[in-house]
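# Coordinate analysis (summary)
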Protein chains: 2
Amino acid sequence: MRLLVKNVILGKKKVDILIEEKKILKIGKNLNLRVNEKIDAKGEKAVIPGLINCHTHSAMILFRGLAEDLPLKDWLEKEIWPREAKLTEDDVYWGTKLAILEMIKSGTTTFNEMYWFEEAQIEAVKEMGIRAVIGLVMLDFLPMGSRKKVEELTKRLMTKRLMTIQFSIAPHATYTVSKENLIWAKNFAKRHRLLIHMHLSETEKEVKDCLKKYKMRPVEFLEKIGFLDKNCIFAHCVWLSEKEIEILEKRGCSLVYNPTSNMKLASGVFPWKRIKERKINICLGTDGPASNNSLSLFSEMKIGALLQKIENKDPTAISAQKSFQMATKNGAKALRINTGEIKVGKLADLVLIDLNKIEMFPNYDLISNLVYSDAKNCVSDVICNGKILMRDGKIEKENEIIKKAKAKFLK
Amino acid sequence: MRLLVKNVILGKKKVDILIEEKKILKIGKNLNLRVNEKIDAKGEKAVIPGLINCHTHSAMILFRGLAEDLPLKDWLEKEIWPREAKLTEDDVYWGTKLAILEMIKSGTTTFNEMYWFEEAQIEAVKEMGIRAVIGLVMLDFLPMGSRKKVEELTKRLMTKRLMTIQFSIAPHATYTVSKENLIWAKNFAKRHRLLIHMHLSETEKEVKDCLKKYKMRPVEFLEKIGFLDKNCIFAHCVWLSEKEIEILEKRGCSLVYNPTSNMKLASGVFPWKRIKERKINICLGTDGPASNNSLSLFSEMKIGALLQKIENKDPTAISAQKSFQMATKNGAKALRINTGEIKVGKLADLVLIDLNKIEMFPNYDLISNLVYSDAKNCVSDVICNGKILMRDGKIEKENEIIKKAKAKFLK
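The following paragraphs examine the structure supplied in this document. (Residues numbered from 1 in each chain as written. Chains lettered and ligands numbered in written order. Predicted model: local features only at pLDDT ≥ 70, side-chain atom pairs only at ≥ 80, totals over all residues.)

### Some words on the sheet that holds strand E9 (residues 165-171) of chain A
Backbone-to-backbone hydrogen bonds join strands into a sheet, with any given pair of strands oriented parallel or antiparallel. All names here are of chain A. Put simply, the rule reads: Only strands that DSSP links by at least two bridges are regarded as paired with each other. Runs of H or I in DSSP of at least four residues are treated as helices and runs of E of at least two as strands, each being numbered from the N terminus. Lines fitted to C-alpha atoms define the axes, with helix axes restricted to the stretch in contact, and inter-axis angles between N-to-C directions lie between 0 and 180 degrees. Our contact criterion uses C-beta atoms placed from the backbone: two residues qualify when those atoms are within 7 Å.
Strand order across the open sheet formed by eight strands is E6-E7-E8-E9-E10-E11-E12-E13, with parallel pairing between neighbours. Two strands close off the open sheet at either side, each with one partner strand: strand E6 (51-56) and strand E13 (281-284). Adjacent strand axes in the sheet meet at a mean angle of 25°, parallel and antiparallel pairs treated alike. Summarising the sheet, strand E11 (residues 232-236) and strand E12 (residues 254-257) pair through three bridges and their orientation is parallel. Of the residues in E12, the one forming a bridge with Ile-233 is Ser-254. Helix-sheet contacts for helix H3 (residues 118-128) involve strand E7 (108-114), strand E8 (131-138) and E9, and the interaxial angle to E8 is about 175°.

Structure representation (structure tokens):
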């Protein structure tokens, strides 16, 4: 299977990109080869790496707009949790599928997921062709969050051939998973070479509770039990002490910045300024679409940059380039996938940007336009793992999926 | 001229809306009338009032992405001002036209403008059919910002028949326009019954300089010279004391919240919490597209709400409904136009929202989806002053405008 992307703008040059199977085989001028499929960008589209969403709960799209502008406790306890308790596997299948539709349309080719009914998510991911890391969720107070679930699921999944999918162990947080279960999770992840995906210090209360329970802050506690290494991806990381930042750097953990959700729930501001000079890998995530309420990383790149500028009273606090890097290269590093850049040998996760859209005018700086100009609708074509998922704004079965979802959920 | 919008969702109901000339004549069920034009929403589109951008410098779209992530002083002095000095009337004509294209596509039907070459802007507005308040700019150190310019321009414009256009007097700010010229501007505005559109207390430095120069804060100074009344629209208003807020309330001035620009330039945070309980009309603006870098009020509604939530450490600080109201009803009030709501007798400035787009799923709350779901691309049809400006996502001559602009500016 060979796919040729003709006349596409890469940096300042017009090139052709040859994709064989799932990888970029060649980048050059006037490649005229026999291929199975062609996209001709006619010099009017730019190519960027597919965006990588490093923390989301995608099926929560079913709860988008359900209960807004509430205190976190009320939102969770009165609105979200009672509804989550009634979710079926089929609901999650549809929710994930819809979320993936929104992700593809906004140029996301990989997402790092944490939600229930993991096998339903896997079905949705396979059908839609996107790349994902599916978290096998652990939570002490629910049977579906038990060690047993994780063990059984892992056994079943190991036998499957899942092209674009890998797994993580996803203990929800230090306040919902016991010390014993965290240690078990760590050992299990090590044994199976899995990533760990976890919430960390999203709210101040969480840190205070940890101090009460363990006489240590969350990162200190995790360090003490030998939890931390380069396979850990921590979402939020709002309330970190200097000592905790040092520990996270030493252990090579990846942190996920979730600006919109942190603002919407008023959780706090990610300490970018205190982290940026360190050797810490910072990625970007939308969090779930019930607390964002979008899955677009375009919006996240912009809001993430704006928040750090105002928080630090410094318009130079973060650049468009840095914001873009979080959503591409850094995400790929965190998730251990060979993508996030457009180079020969990398996985072919590519997004084409229509330069004729008004948001791309003028064209002083593509990255600045992508980050700041509200450019989601400039995404025209999406390729993931060498396969075309969206062509000229169109996704196969898009209308059918929305129609079915409306019939199922909007009664 | 009669236009009928059939089967459109208004609130929770499906209705027909009859527009005669520029106004809404009738809203009802199954209106079957002889009309000149019809849009059938088939029950799959919602209708909202056209959005109102209460502060922008639209032709600055020409500088979008030119020089990012710089300190304000360098950005202005090294990048923007030298280029502005070379702008021609034709440049501004094209810049305004492009900006209007972006506004229409993102559901904006009215904008409150402040920029040079006002007659070029008027040409662009007329051709594109949008509604605008064009500011006649005053700035002491440039001939094009003189009293003479304003007088001559007013004389010329008074004789023209300008359907969707009104004017304001736009003294740039208290630090760029002398006391004498401000008093002159006020009297001139009164005599001609014009609005006043001005920057106010955007940066802390501006307030400090005013204290030095006049021994008063900017609002106190403006109060002292009799400048303040309900015809004043002030952009930014970040650095306000309690006393200043009281004065602005007493005088009935409208304030424009410009969250993205304030964040991007790290100017400060609009004191929403201290103002919201008062009888002050708060509107929304994007500021110029060089410091945003978008003209979409969808993005502005979201970022504006998020900023107040995080700033006040309170997820209930502002609701989606309030944010939407700033961009519609409040804007109409500030600009003295009979729109911002969908009612019989109001001007027909309407926007249709495609409910089949993924951002509108599910449909718990339309306003929440509009504000938080990154919904710009759900705008399908735009009607302004009873005329269709965009139909099913298409604007007449859109491609031609972009093509010509690219040929002119992107060499």
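After that view, the rundown keeps rolling.
### Structural notes on the packing of helix H2 (residues 89-105) of chain A against H3(A)
The angle between the axes and the distance between the axes are what describe a pair of packed helices. Residues and elements named next belong to chain A. In plain terms, the rule: If you view the pair so one helix is near and one far, a crossing is left-handed when the near helix is turned anticlockwise from the far one by less than a right angle, and right-handed when it is turned clockwise. Basically, the charged four are Asp, Glu, Lys and Arg, the nonpolar ten are Ala, Val, Leu, Ile, Met, Phe, Trp, Tyr, Cys and Pro, and anything else, Gly included, counts as polar.
Across the interface, H2 lies against H3 with an axial gap of 8 Å and an inter-helix angle of 35°. Crossing handedness for the pair H2 and H3: right-handed. Facing Glu-89, Val-92, Tyr-93, Thr-96, Lys-97, Ile-100 and Ile-104 of H2, the residues of H3 in contact are Ala-120, Gln-121, Glu-123, Ala-124, Val-125, Glu-127 and Met-128. Class assignment for the residues of the contact of H2 with H3 results in eight nonpolar, two polar and four charged.

### Thoughts on the relation of the copies chain B and chain A
Heads up, the condition is: We place the copies in one frame by least squares, fitting the C-alpha atoms of every residue whose pLDDT is at least 70 in both.
Once turned by 180° and shifted 0.0 Å along the axis, chain B lies on chain A with an RMSD of 0.0 Å. Taken together, the rotation angle and the small translation identify this as a two-fold axis. Taking C-alpha positions as the reference, the residue of chain B nearest the rotation axis is Asn377(B), at 3.3 Å. Same-surface contact between copies: 100% of interface residues of chain B are shared with the interface of chain A.

### Overview of the sheet that holds strand E9 (residues 165-171) of chain B
Residue and element names in this part refer to chain B. What the eight strands build is an open sheet, ordered E6-E7-E8-E9-E10-E11-E12-E13; its pairing is parallel. Every interior strand has two partners, whereas the edge strands, strand E6 (51-56) and strand E13 (281-284), have only one. Averaged over all neighbouring strand pairs, the angle between strand axes comes to 25°, with direction disregarded. Pairing of strand E8 (residues 131-138) with E9, which is carried by seven bridges, proceeds in the parallel orientation. Among the inter-strand pairings, Leu-136 is bridged to a residue of E9, identified as Ile-169. In the packing of helix H4 (residues 147-158) onto the sheet, the strands contacted are E8 and E9, and the crossing angle to E8 comes to about 150°.

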